[in-house]
Amino acid sequence: VKNPTWLNDPIHYHNRGHTSFEGESSRLGDFAGLDDLMTESPFVVEGMIDIYKQWISDFRVDGFRIDTAKHVNPEFWQVFIPAIEAHAKEEGIDHFHIFGEVYEFDPGQLAKFTTYDDIPTVLDFAFQGTVRDVVADGAPARALERMFEADKVYEGGEATALQLPTFLGNHDMGRFSMFLRQADPEMSDETALAKMKLAHAKMMFLRGVPTICYGDEQGFVSDGGDRPTRENM
């Protein structure tokens, strides 16, 4: 039984079966067995806003990571996010931080969620992919320069790019240490440590908001995929 009670009514769900991650099914299908809310409905929009507002009021939440943001219609975010930001400000939380998880490595694909969906910032998968290419796979460092040149495509341009959460690995894809082992299974521990330090230096001191995958600071090494990375976190 879900709470609030309106979440128990099937009329508020798409009921299209499992998503194929293609076409309209990407937004209307059930995600990994989770029933997909009909976020086009004004009733659902207001209901979700009320839920998140209560979390802010009750627990002083100062930010939200929006999971799988690209699988929700843009019109939802265009109403939801301003309402949440306004409520946080009313509660005296002036630096409320919202960022979306958009599993895309192309800056143009990431940027459209700031320009059209009106999500303030998104996880910087472009940064992750480029640092992995350069440090783990030996791509030219010029790739980083080209990525940063695309910062202007985000809504607000380079000022928004400064707020993008940068990261090297996470619970979905695995840890950066794993990428190093995949690139060169015979890599010495000394070389792996040096490359880890280099990658983390890029994350900490280049533009963006550094986001460390819990356990990386202890040298955890995942063995790939979603579940194993979560289990050793």
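Residues numbered from 1 in each chain as written. Predicted model: local features only at pLDDT ≥ 70, side-chain atom pairs only at ≥ 80, totals over all residues. Heavy atoms only, no water.

Trainee: Quick rundown of the overall build of the protein? Include the residues and the values.
Mentor: Along its length, the protein carries ten helices and five strands. Its C-alpha radius of gyration of 19 Å places the protein within 12% of the 17 Å reference for a compact globule of 233 residues. Its C-alpha atoms give the protein principal-axis dimensions of roughly 55 × 35 × 35 Å. Buried residues in the protein amount to 45% of all 233 residues. Taking as baseline every contact in the protein between residues at least 6 positions apart, the subset at least 24 positions apart corresponds to 64%. Of the roughly 12,400 Å² that the protein leaves accessible, carbon and sulfur atoms contribute 54%. Side chains of the protein give 21 positive and 40 negative charges; the mean places of these two sets differ by 4 Å. (Helix = DSSP H or I, 4+ residues; strand = E, 2+ residues; numbered from the N terminus. Rg over C-alpha atoms; globule rule 2.2 N^0.38 Å. Buried < 20%, exposed > 50% of the residue type's maximum accessible area, 1.4 Å probe, protein only. Contact = heavy atoms within 4.5 Å. Areas by Shrake-Rupley, 256 points an atom, 1.4 Å probe, with all protein chains shown as cover. Lys, Arg positive; Asp, Glu negative; His and termini not counted. Charge placed at Lys NZ, Arg CZ, Asp CG, Glu CD.)

Trainee: Residue-level account of the sheet that holds strand 3 (residues 121-122), with values.
Mentor: Reading across from one edge, 1-2-3 is the order of the three strands in this open sheet, with parallel pairing throughout. In the strand order of this sheet, the two ends are held by strand 1 (63-66) and strand 3, each with one partner. Here strand 2 (residues 97-100) pairs with strand 3 via two bridges, running parallel. What sits directly across from Phe99, in strand 3, is Thr121. (Pairing = 2+ DSSP bridges.)

Trainee: Describe in detail the packing of aromatic side chains, supporting the description with residues and values.
Mentor: For the structure on display, the rule yields 14 aromatic pairs. With a centroid separation of 5.2 Å and an interplanar angle of 20 degrees, the aromatic rings of Phe76 and Phe80 are classed as stacked. Placement of both Phe76 and Phe80 in helix 3 (residues 74-90) is noted, with a separation of four residues, approximately one turn of the helix. For Phe76, a relative accessible area of 5% corresponds to the buried category. Taking relative accessible area as the criterion, Phe80 reaches 3% and is therefore assigned buried. With centroids separated by 5.8 Å and ring planes inclined at 70 degrees, the aromatic side chains of Tyr103 and Phe105 adopt a geometry described as edge-to-face. (Phe/Tyr/Trp six-rings, centres within 6.5 Å; stacked < 30°, edge-to-face > 60°.)

Trainee: Can you explain the pairing of strand 1? Please cite residues and give values.
Mentor: Of the two faces of strand 1, the one holding Phe64 and Ile66 is buried and the one holding Gly63 and Arg65 is not buried anywhere. With four bridges joining them, strand 1 and strand 2 adopt parallel strand pairing. Each residue of the ladder has a partner; that of Phe64, found in strand 2, is Ile98. Each parallel crossover has a hand, and the one from strand 1 via helix 3 to strand 2 is right-handed. (Right-handed = clockwise from strand over helix to strand, strands pointing away.)

Trainee: Run through the packing of helix 5 (residues 125-136) against helix 8 (residues 176-183), naming residues and quoting values.
Mentor: Between helix 5 and helix 8, the shortest axis-to-axis distance is 10 Å and the interhelical angle comes to 40 degrees. When the axes of helix 5 and helix 8 are compared, the pair comes out oblique. Considering only the axes of helix 5 and helix 8, their crossing is right-handed. Residues Gln128, Val131, Arg132, Val135 and Ala136 of helix 5 pack against Phe176, Phe179, Leu180, Gln182 and Ala183 of helix 8. Residues that form the contact of helix 5 with helix 8 fall into these classes: seven nonpolar, two polar and one charged. (Axes fitted to C-alpha atoms, helices over the stretch in contact; angles between N-to-C directions. Parallel < 35°, antiparallel > 145°, perpendicular 65-115°, else oblique. Left-handed = near helix turned anticlockwise from the far one by under 90°. Nonpolar A, V, L, I, M, F, W, Y, C, P; charged D, E, K, R; others polar.)

Trainee: Residue-level account of the nonpolar core, with values.
Mentor: With 55 residues, the main nonpolar core has Met48, Trp77, Phe80, Phe96, Val122, Val131 and Phe176 as its most contacted residues. Residue contributions to this core peak at seven residues, all from helix 5. Residues contacting Val122, with those up to four places away along its chain left out, are Phe99, Gly100, Val102, Leu110, Phe113, Thr114, Tyr154, Leu164 and Pro165. (Core = buried A, V, L, I, M, F, W, Y, C linked by side-chain atoms within 4.5 Å.)

Trainee: Tell me about helix 4 (residues 107-115), residues and numbers included.
Mentor: Among the residues of helix 4, Pro107, Leu110, Ala111, Phe113 and Thr114 are the ones counted as buried. An end-on view of helix 4 places all buried positions within 150 degrees of arc, on one side of the element. Elements that come into contact with the buried residues of helix 4 comprise strand 3 and helix 5. Taking the backbone nitrogen of Gly108 as reference, a side-chain oxygen 2.9 Å away marks Asp106 as the first, capping residue of helix 4. (Arc of directions from axis to C-beta. Polar contact = N/O pair within 3.5 Å; in protein donor to acceptor, adjacent residues only side chain to side chain.)

This is a description of form; function is not addressed.
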